[in-house]
Amino acid sequence: LFVLFWEMINKRAQINKGCALFLLALCFGLNYANFSAQSIFTARIPSSFDQQTIHVTAFLCSLPRKGDYSFSADFCLLDVQSSKGELLSGRGFKAKLRWPLELELSTGVSLLDVKSRQVKSTRNFIGTSFENNLLYQRIVLMGDVKKQMAGAELDSLRILDRLKYEYHQLRHSLSQRINYLLRDTTHKGVIGALLLGDRSMLSPEDAQVLANTGTQHLIAISGLHVGLVIFGMFYFLPRTVFSILTVSILGLFYVALVGFTPSAQRAWVMCVCALFYLSGYIKQSKWWMFFLALFLVLLLDPLSTLNLGFWYSFLCVAIIFLIFQLTTLNPQGWLSLITFQFVLIIAMTPLSSILGTKHGLENMLANVFAIPWVSLVVLPFSLGWFLVSTVSEALAEFLLVALDMSIELLSAYLSSLKLFHIPITIEIYALIMICFGLGVMALLVFNKVKSVFAMSALALALVIVFPSRFYDDTPEFMVFDVGQGLALAMKSEGKVWLYDTGPAFDKSSSVKNVLLPYLRRHQKSNQLQGVILSHGDADHAGDLVSLHDEFKPMIAWSGQPERLSLSGFNHCQTGMKWREADFELEVLYPFPETDISQLSSNNQSCIIRLSMMGKIFLLMGDIEAQTEMDVVKHYRHKLKADVLIAGHHGASKSSSFALLKHVQPDYIVFSAGYLNKFGHPSVQVLDRVATFSSMTLNTSSLGAIKFRAGGYEFRSSAYQNDGFVVNYARE
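Residues numbered from 1 in each chain as written. Predicted model: local features only at pLDDT ≥ 70, side-chain atom pairs only at ≥ 80, totals over all residues. Heavy atoms only, no water.

For this particular structure, what's the right way to read the packing of aromatic side chains?
Geometry of an aromatic ring pair is reported as the spacing of the ring centres plus the angle between the planes. Evaluated as defined, the whole model comprises 26 aromatic pairs. For the ring pair Trp 287 and Phe 321, a centre distance of 5.3 Å and an interplane angle of 80° mean the geometry is edge-to-face. Highlighted residues: Trp 287 in helix α10 (residues 286-300) and Phe 321 in helix α11 (residues 308-326), separated in sequence by 34 residues. Overall, the relative accessible area of 22% leaves Phe 321 in the partly exposed class. (Phe/Tyr/Trp six-rings, centres within 6.5 Å; stacked < 30°, edge-to-face > 60°. Helix = DSSP H or I, 4+ residues; strand = E, 2+ residues; numbered from the N terminus. Buried < 20%, exposed > 50% of the residue type's maximum accessible area, 1.4 Å probe, protein only.)

Got a minute to help me understand empty space enclosed by the protein in this structure?
Empty space among the atoms can be located by rolling a probe the size of a water molecule over them. In this structure the tally under the stated criterion is five cavities of 30 Å³ or more. Space inside the second largest cavity adds up to approximately 120 Å³. Considering the residues around the second largest cavity, the lining is formed by 13 residues, among which Val 190, Leu 210, Ile 407, Leu 410 and Leu 414 are closest to the centre. For the lining of the second largest cavity, the elements supplying multiple residues, two or more each, are α5 (188-196), α6 (204-213), α13 (361-389) and α14 (393-416). (1 Å grid on protein atoms, 1.4 Å probe; cavity = no way out; pocket = protein on both sides within 12 Å on 5 of 7 lines; lining within 4 Å. Points joined across faces, edges and corners; volume = space filled by probe spheres on them.)

Before we go on, may I ask you to explain the state of the cysteines in this structure?
A covalent bond between the sulfur atoms of two cysteines is referred to as a disulfide. Taken as a whole, this structure holds one disulfide when the rule is applied. Through a disulfide, Cys 572 is tied to Cys 606; the S-S separation comes to 2.3 Å. Between Cys 572 and Cys 606, the S-S dihedral sits near -90°, and the bridge is therefore left-handed. Within this pair, whereas Cys 572 is found in the loop between β13 (570-571) and β14 (577-580), its partner Cys 606 is found in the loop between β15 (583-589) and β16 (607-612), the two being separated by 34 residues in sequence. For Cys 572, a relative accessible area of 0% puts it in the buried group. (Disulfide = S-S within 2.5 Å.)

Explain the environment of Ser 62 here, please?
Mapped onto the fold, Ser 62 is located in the loop between β1 (53-60) and β2 (65-66). In the structure, Ser 62 is positioned 107 residues away from Gln 169 in sequence and 9.1 Å away in space, judged by C-alpha atoms. Setting aside chain neighbours within four positions, we find Ser 62 in contact with Ala 73, Asp 74 and His 168. (Contact = heavy atoms within 4.5 Å.)

I tried to follow the nonpolar core on my own but got confused; where do I start?
Here is a general trend for soluble globular proteins: nonpolar side chains tend to be buried in one another's company. With 43 residues, the main nonpolar core has Ile 191, Trp 385 and Leu 414 as its most contacted residues. Elements with a minimum of two residues in this core: α4 (159-181), α5, α6, α7 (223-234), α8 (241-257), α9 (262-278), α13 and α14. In terms of residue count, the dominant contributor to this core is α13 (seven residues). The contact partners of Leu 414, leaving out residues within four places of it in the chain, are Val 209, Leu 210, Thr 213, Thr 215, Ala 366 and Ala 370. With 30 residues, the next largest nonpolar core counts Leu 486, Leu 610, Met 612 and Ile 645 among its residues. (Core = buried A, V, L, I, M, F, W, Y, C linked by side-chain atoms within 4.5 Å.)

Is there a simple way to explain a nonpolar patch on the surface in this structure?
A surface patch of nonpolar side chains, amounting to about 370 Å² of accessible area, comprises Phe 22, Leu 23, Leu 26 and Leu 30. Along the chain, Phe 22 turns up in helix α2 (residues 15-43). (Patch = residues over 30% accessible without salt bridge, like charges linked within 9 Å, V, L, I, M, F, W, Y side chains within 5 Å. Areas by Shrake-Rupley, 256 points an atom, 1.4 Å probe, with all protein chains shown as cover. Salt bridge = Lys/Arg side-chain N within 4 Å of Asp/Glu carboxyl O.)

What's the story with the packing of α6 against α14 in this structure? I'm lost.
The description of two helices packed together rests on the angle between their axes and the distance between the axes. Between α6 and α14, the shortest axis-to-axis distance is 9 Å and the interhelical angle comes to 50°. The orientation of α6 relative to α14 falls into the category oblique. Remark: the crossing between α6 and α14 carries left-handed chirality. Listed contacts from α14 to Asp 206, Val 209, Leu 210 and Thr 213 of α6 are Ser 411, Leu 414 and Ser 415. Residue composition of the contact of α6 with α14, by class: three nonpolar, three polar and one charged. (Axes fitted to C-alpha atoms, helices over the stretch in contact; angles between N-to-C directions. Parallel < 35°, antiparallel > 145°, perpendicular 65-115°, else oblique. Left-handed = near helix turned anticlockwise from the far one by under 90°. Nonpolar A, V, L, I, M, F, W, Y, C, P; charged D, E, K, R; others polar.)

I keep staring at the pairing of β16 and nothing clicks. Help me out?
Each regular strand displays side chains that alternate between the two surfaces of the sheet. With respect to burial, β16 is a largely interior element, five of its six residues being buried. Bridge analysis of β16 against strand β17 (residues 615-619) gives five bridges, and the strand direction is antiparallel. Across the sheet, Ser 611 pairs through a bridge with Ile 616, a residue of β17. (Pairing = 2+ DSSP bridges.)

Looking at this structure, how should I read α4?
Since the α-helix turns once every 3.6 residues, residues separated by three or four places project in the same direction. Its 23 residues place the ends of α4 33 Å apart at the C-alpha level, agreeing with the 33 Å of an ideal helix rising 1.5 Å per residue. Where α4 is concerned, the buried positions are Asp 161, Tyr 165, His 168, Gln 169, Arg 171, His 172, Ser 175, Ile 178 and Leu 181. (Expected span 1.5 Å × (residues − 1).)

Please clarify how α8 should be interpreted in this entry.
Here α8 contains 17 residues, and its C-alpha end-to-end distance of 24 Å stays within 8% of the 24 Å for a straight helix at 1.5 Å per residue. Among the residues making up α8, those that are buried are Ser 243, Ile 244, Val 247, Ser 248, Gly 251, Tyr 254, Val 255, Ala 256 and Leu 257. One or two positions beyond α8, positive phi appears at Gly 259, with a value near 90°.

Help me out: how do you make sense of the pattern of salt bridges in this one?
Side chains carrying opposite charge are able to pair once their charged atoms draw close together. Taken as a whole and assessed by the stated rule, the structure comprises ten salt bridges. One salt bridge connects Arg 98 with Asp 144, and the closest N-O pair in it is separated by 2.8 Å. Of this pair, Arg 98 sits in strand β5 (residues 94-100) while Asp 144 sits in strand β7 (residues 139-148), and the two are 46 residues apart along the sequence. On the accessibility criterion, Asp 144 (22% relative accessible area) is partly exposed. A salt bridge links Glu 580 to Lys 495; its shortest N-O distance comes to 2.9 Å. Taken together, the positions of Glu 580 in strand β14 and Lys 495 in strand β10 (residues 495-501) put the pair 85 residues apart, joining distant regions of the chain.

Looking at this model, I keep getting lost on the sheet that holds strand β19 (residues 667-670). Mind explaining?
Strand order in the open sheet formed by seven strands is β14-β15-β16-β17-β18-β19-β20, and the pairing between neighbours is mixed. Of all the strands in the sheet, just β14 and β20 (695-698) have a single pairing partner and so form its edges. Neighbour to neighbour, the strand axes of the sheet diverge by 15° on average, direction disregarded.

Help me understand the confidence of the model for the protein chain in this model?
Interpretation of the predicted coordinates at a detailed level should be avoided for regions scoring low in pLDDT. Confidence in the prediction of the protein chain, expressed as mean pLDDT, is 82, and 80% of residues score 70 or more. Here strand β23 (residues 725-730) stands out as the element of the protein chain with the lowest mean pLDDT, 48, in contrast to β16, whose mean of 96 is the highest. Low confidence marks residues 423-428, where pLDDT is under 50. Its contacts with residues over four positions away, or in another chain, come to 15 contacts. The low-confidence segment residues 720-726, where pLDDT is below 50, has 13 contacts with residues more than four positions distant or belonging to other chains. (pLDDT = per-residue confidence, 0-100.)

What follows is the structure, given as structure tokens:
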């Protein structure tokens with residue numbers, strides 16, 4: 001909008017025409033996107049078929065990912081029928097399926113029996129939405145393959161489906177060959193990601209280093225890589241239309257190689273537009289070309305706005321245009337390029353703050369070296385190695401050693417930047433925003449480049465020492481949606497406590513996906529006041545290392561410190577307290593006299609009584625009925641609480657009548673995964689809860705649940721799939 005009005009101000013005679021065109025384009029775009037999204041919603045398999053077996057005819061249309069017990073991949077749907085033969089919509093869309101390791105589904109068209117579930121994922125107030133990503137990928141079905149029936153004949157496929165099938169088979173064959181050639185290579189996952197857009201081979205060590213330094217975008221097939229390939233070839237050719245078409249077609253082969261990822265397609269369109277503009281074949285302003293590329297991207301894929309990379313790409317290009325239009329930077333000088341990158345990173349910092357992504361000195365130093373190193377060394381080496389491997393495996397093996405060493409050098413540098421992660425405890429948010437504001441004003445209004453650099457340097461110094469974020473000091477109690485697990489956050493007076501950290505998986509965890517973005521956005525510093533881990537089970541204490549690497553808690557308690565992956569946790573015991581202002585934490589259990597070694601892991605959970613916002617919260621961990629009786633006998637009516645976080649996710653052995661009778665909660669919250677295999681919360685517990693007329697909230701249906709105080713009201717806000725917030729108010 002800013003760019004549009006800037007152009008209209010410079011051409012006052014075209015204001016009315018520009019406004020009319022803008023409104024027309026907006027109406028067309030919204031309706032076009034709505035039509036595209038509605039077609040996907042219509043094709044989705046209804047929730048009434050959840051946990052039922054349906055018959056699916058499909059073929060593989062992504063590279064399969066191998067887990068410990070199963071494969072997973074996207075399948076292009078040809079036919080979907082219920083167990084009764086009822087034809088379901090879905091043809092032309094995709095399904096995300098898992099299947100046992102012993103099944104071979106990578107070739108041919110398969111008729112499968114699939115245990116279905118609707119397209120659904122965890123939903124939280126912070127971070128990117130996985131459900132939006134599934135919608136963007138045109139996924140209409142998720143499920144587990146139970147049996148493979150007879151396959152269909154390839155000759156029966158339509159022409160377009162046959163082309164898709166052959167294309168994905170070719171990529172699968174290339175993937176197998178590359179995996180074989182890289183079998184003894186340390187950083188094979190990085191090379192595979194650059195060549196095929198496949199990040200499944202990334203080692204946990206490489207994934208962690210890239211995440212810690214904010215350089216994951218370098219191994220995703222971004223506009224940077226596509227631009228390097230296209231402009232690298234165009235540099236050696238004459239500036240003719242034939243050269244542009246040749247380079248564009250060759251660039252499209254690279255886009256096909258990496259799987260037509262959204263970022264690659266978007267970058268290809270932008271690069272082709274840029275080539276016509278830079279060659280002088282389109283006599284329009286660069287902003288005209290900017291909007292042409294934007295129009296073409298949205299025309300080809302109207303749901304691009306659901307992809308975070310879309311916003312990053314066009315926002316970065318707009319900032320680049322503004323910098324070179326309103327400053328005297330020379331784009332050909334190394335010092336100017338470094339300065340330009342510095343200003344660009346500063347300009348993108350507020351967006352990173354909103355999204356809760358990691359940023360600061362560590363990330364800036366990482367990208368300053370990693371971007372040119374990957375662009376000029378690693379990516380060309382990878383493409384060169386791939387081409388040579390088709391001719392001579394011996395020569396390719398020699399190049400592979402050098403390629404692996406170049407990635408090892410990058411990894412060593414990125415790992416060393418951990419030294420620059422320094423926590424400071426002073427609130428500096430306002431000063432950072434002032435610096436950003438003054439810098440933008442100096443740039444856009446007064447065209448004072450030196451002032452921009454001065455303000456940017458000051459803002460950079462503040463970002464380095466005090467990571468910027470949009471901070472909300474309102475007290476809140478958050479129940480995160482982490483699937484089948486538990487993770488809570490308690491925030492008051494700028495202090496944040498965590499109770500449990502949710503589950504962890506091979507290369508992802510609730511800590512990385514939810515807790516760290518939340519803490520980055522809401523913390524006043526890199527310090528965390530306290531962490532309480534109810535017990536050592538994996539769904540309650542996952543990925544402590546990632547949490548500790550970035551946020552070291554000042555206080556650490558646990559019911560089972562001996563089972564944790566980190567040391568330094570004190571054993572929970574009755575009477576342990578922490579209080580500041582109106583915020584008070586108190587450990588109710590385990591009792592000092594209890595021999596917990598004779599108890600199950602669940603019954604060693606640390607029970608917490610929390611007082612904040614004038615309300616009482618009772619956090620039960622995974623406590624079961626027998627221990628609940630011991631707690632009731634010990635405290636009796638002192639257990640009264642406004643909010644009960646149900647023990648053991650609502651298992652039948654927890655939330656007994658005795659406990660509910662003495663707690664008498666207004667709200668009961670269940671943290672459970674959608675269609676979890678344990679059936680939590682159980683029907684027995686829900687029946688017991690209904691007896692006490694309490695309001696039940698379940699993360700599996702509502703997503704993350706937030707409790708905040710508002711005057712005399714007490715609200716629970718649950719994040720919904722459509723992005724709206726539902727408020728439950730009780731006096």
